[in-house]
Amino acid sequence: MKNLFKLLVVASVLSCNSKTEDVSLSLQVIETIKISLGSTVNPNRTTYQYINSDSGEFLALQNKSVHGIEFFNLKTGAHNKKIKLQRECPNGSGSVNGFRIFSNDSLLVASYPQKLMLFNFEGIKTSEFSIKDTQNDVNYISSNSEIPFLFDGKKVFGAQPFFRNFFDMTASDLGKYSHIYQLDMESINPEAEWLPISNPEDTWKEGKKVSKFTWTDRGDSILVSPYNDHRIWVISKKRKELLELVEAKAPEVNQFHIIKGLPSGDQGIIEELESDRYELLLYDEFRAVFYRFYFVGIDVNDFEVHYRELYSNRPKIGLVVLDANLKIIGNHLFETHQIEPWNYFVGRKGLYVSTNNPNREDFDENYLRYDIIRFEGLEYED
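This structure is a prediction, so every number in the text was calculated from the model and none was measured.

**Q** Could you give an account of the layout of surface pockets, naming the residues involved and the relevant values?
**A** In this structure, the largest pocket occupies an estimated 1,100 Å³ of space. Counting only elements with at least two residues in the lining of the largest pocket, the list comes to strand E2 (43–53), strand E5 (79–84), strand E6 (95–103), strand E10 (150–152), strand E14 (213–218), strand E18 (277–284) and strand E22 (344–346). Looking at the lining of the largest pocket, the element that brings in the most residues is E2, giving 6 residues. Counted as a void, the second largest pocket has a volume near 530 Å³.

**Q** How would you sum up the sheet that holds E10? Please name residues and give values.
**A** Spatially, the 4 strands line up as an open sheet ordered E10-E11-E12-E13, and their pairing is antiparallel. With partners counted over all chains shown, the strands left at the sheet margins are E10 and strand E13 (193–194), one partner each. Sheet analysis places E10 next to strand E11 (residues 155–159), joined by 3 bridges and oriented antiparallel. Looking at E11, one finds that Asp-152 is bridged to Lys-155.

**Q** Just give me the short version of the packing of aromatic side chains, but keep the residues and values in it.
**A** If you walk through the whole model with that rule in mind, you get 21 aromatic pairs. Relative to Trp-215, the ring of Phe-213 lies with its centre 6.3 Å away and its plane at 45 degrees, an arrangement referred to as tilted. Summarising the burial analysis for this pair, Phe-213 and Trp-215 share the class buried. Pairing Phe-213 with Trp-233 gives two aromatic rings, centres 5.8 Å apart and planes at 50 degrees, and the pair type is tilted. With Phe-213 in strand E14 and Trp-233 in strand E16 (residues 231–236), the pair connects residues that are 20 residues apart, well separated along the chain. A single burial state applies to Phe-213 and to Trp-233, both of which are buried.

**Q** Report on the pattern of salt bridges, specifying residues and quantitative values.
**A** Opposite charge on two side chains lets them pair, provided their charged atoms get close. In total, this model carries 21 salt bridges according to the counting rule given. The residue Glu-70 makes a salt bridge to Lys-82 at a minimum N-O spacing of 2.5 Å. Residue Glu-70 is found in strand E4 (residues 68–73), and its partner Lys-82 is found in strand E5; the two are separated by 12 residues along the sequence. A relative accessible area of 0% means that Glu-70 is categorised as buried. Note on Lys-82: relative accessible area 33%, which makes it partly exposed. Via salt bridges that share partners, Lys-115, Lys-125 and Glu-128 belong to a single interconnected network.

**Q** Before we move on, can you summarise the environment of Lys-34 with the specific residues and values?
**A** As for its position among the elements, Lys-34 is in strand E1 (residues 27–36). The class for Lys-34 is exposed, based on a relative accessible area of 51%. Sequence separation between Lys-34 and Asp-323 is 289 residues, and the spatial gap between their C-alpha atoms is 30 Å. Those residues in contact with Lys-34 that lie beyond four places of it in its chain are Tyr-367, Leu-368 and Arg-369.

**Q** Can you tell me about empty space enclosed by the protein, naming the residues and giving the values?
**A** Enumeration according to the criterion identifies 2 cavities of 30 Å³ or more in this entry. Empty space within the largest cavity amounts to approximately 60 Å³. Phe-163, Leu-174, Asn-199, Thr-203, Trp-204, Lys-209, Val-210, Ser-211, Lys-212, Pro-226, Asn-228 and Asp-229 are the residues that line the largest cavity. For the lining of the largest cavity, the residue count by class is 5 nonpolar, 4 polar and 3 charged.

**Q** Quick rundown of the confidence of the model for the chain? Include the residues and the values.
**A** For the chain, per-residue confidence averages 91 on the pLDDT scale, and 94% of positions sit at 70 or higher. Here residues 1–20 scores under 50 on pLDDT; set against residues more than four positions off or in separate chains, the count is 24 contacts.

**Q** Lay out the environment of Ala-60 with the relevant residues and their values.
**A** Residue placement: Ala-60 occurs in strand E3 (residues 56–63). What makes Ala-60 buried here is its relative accessible area of 0%. The sequence separation of Ala-60 and Lys-81 amounts to 21 residues, and the corresponding C-alpha distance is 9.2 Å. If we skip the residues at most four places from it in the chain, Ala-60 touches Thr-47, Tyr-48, Gln-49, Ile-51, Ile-69, Glu-70, Phe-71 and Phe-99.

**Q** Help me get a handle on the side chain of Arg-231, residues and values and all.
**A** Tracing the backbone through its elements, the reader meets Arg-231 in strand E16. Classification of Arg-231 by relative accessible area gives buried; the value is 17%. In terms of polar contacts, Arg-231 uses its side chain to reach the side chain of Asp-202, at 3.0 Å. Of note is the side chain of Arg-231, whose polar atom sits 2.8 Å from the side chain of Asp-229.

Rules used throughout
Per chain, residues are indexed from 1 in the order of the written sequence. Where totals are concerned, whole chains, interfaces and linings use all residues; where local detail is concerned, this predicted model gives features only for residues with pLDDT of at least 70, and gives and counts side-chain atom pairs only at 80 or more. Working from all heavy atoms in the structure, the side-chain values ignore hydrogens and water. Using only the protein atoms, space was sampled on a 1 Å grid; points where a 1.4 Å probe fits but cannot get out form cavities, open sets with protein on both sides within 12 Å along at least five of seven lines form pockets, and lining residues are those with an atom within 4 Å of a point. Grid points are joined across faces, edges and corners, and a volume is the space filled by probe spheres set on the points. Strands are runs of DSSP state E lasting at least two residues, helices are runs of H or I lasting at least four, and both sets are numbered from the N terminus onward. The pairing criterion is simple: DSSP has to find at least two bridges between the two strands. Classification of ring pairs uses Phe, Tyr and Trp, with its six-membered ring standing for Trp, and accepts pairs whose centres are within 6.5 Å; under 30 degrees between planes counts as stacked, over 60 as edge-to-face, and the remaining range as tilted. Burial classes follow relative accessibility: with a 1.4 Å probe on protein chains only, a residue under 20% of its type's maximum area counts as buried, one over 50% as exposed, and anything between as partly exposed. Within this document, salt bridges are pairs made up of a side-chain nitrogen of Lys or Arg and a carboxyl oxygen of Asp or Glu, the two lying within 4 Å of each other. Residue contacts are defined here by distance: any two heavy atoms, one from each residue, within 4.5 Å place the two residues in contact. Classification used: nonpolar for Ala, Val, Leu, Ile, Met, Phe, Trp, Tyr, Cys and Pro, charged for Asp, Glu, Lys and Arg, polar for all others including Gly. Note: pLDDT gives the predictor's confidence per residue, expressed from 0 to 100. Whenever two N or O atoms come within 3.5 Å, that pair is a polar contact, provided that in protein one can donate a hydrogen and the other can accept it, and provided that, for residues adjacent in sequence, both atoms are side-chain atoms.

Set out below in structure tokens:
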């Protein structure tokens with residue numbers, strides 16, 4: 001408790017004096033786990049879900065090799081279950097762009113063409129829902145670790161963060177796009193309702209930036225973390241409106257990628273690597289804190305790895321830990337290539353971060369490998 005008190009005092013001083021001051025946060029690796037995937041599992045490395053149930057803790061992932069969802073026991077590492085999906089036929093799922101388990105026997109997948117499909121754990125399709133928007137021309141929906149489906153009972157929230165004519169539009173067009181939809185799966189005639197929430201008018205005051213974002217669920221609220229904005233959007237599920245924008249700047253995120261026109265060759269990739277931006281935002285319900293990951297810009301000439309490989313697996317990753325009110329508790333910068341982008345989740349024991357980065361010498365595609373980390377000052381069950 002003394003450490004927690006000290007940490008909260010530091011956070012208070014930080015929020016009053018400077019949101020950009022670097023307050024390093026100590027962490028401890030309490031355990032490393034290694035899960036064998038076997039020869040038939042090729043995971044989509046941006047789509048994972050932690051499941052805490054009466055029968056244990058599990059990790060669910062989308063298998064690209066054998067069309068379906070795989071479950072692994074986090075305690076034993078054993079393969080626990082498979083939900084086999086069919087691509088074609090009346091029971092087919094089509095092309096799956098991610099999933100979410102939201103009850104003991106319910107799997108919701110994002111499919112192409114733009115539909116949500118509900119399956120039971122035997123792989124039988126029980127419902128499907130089209131997602132349309134006559135204004136925004138919805139051409140892609142997904143549910144991955146970046147923008148997973150979020151729920152409020154049988155109501156599901158999804159996101160489509162893209163613009164239709166990015167290079168032709170101006171800042172005045174930002175408000176014409178609604179990026180978040182809600183669908184009531186118990187409705188007699190369910191249709192997607194697009195929430196009147198757009199990027200803030202001043203989003204492009206420094207120039208055009210990619211509009212993508214990540215989000216997380218906090219009970220009655222949705223929190224949106226844009227790639228290229230320090231502000232986190234707080235959205236009410238019940239009122240279906242934006243409540244506030246909260247500044248949550250990471251110390252190392254100082255230069256966003258400003259897009260001045262159509263890139264030539266690989267110039268866009270290099271410029272993106274040179275820039276900072278935010279990545280996943282995770283809510284830790286066990287400790288009532290948030291983890292906001294970010295990428296730090298690099299000079300591609302400093303690395304022996306080709307810049308295309310660096311783009312797929314950004315080498316410098318950090319995170320800020322935020323309290324329940326989105327005040328910064330502390331910051332941590334991981335070592336170069338130490339962890340794998342996009343592949344982290346929260347469990348009872350702590351924060352799980354993948355150390356199986358493809359740019360590491362010890363990378364092994366046949367395994368999932370995680371460090372379970374804990375931060376000084378946070379309270380844990382054991």
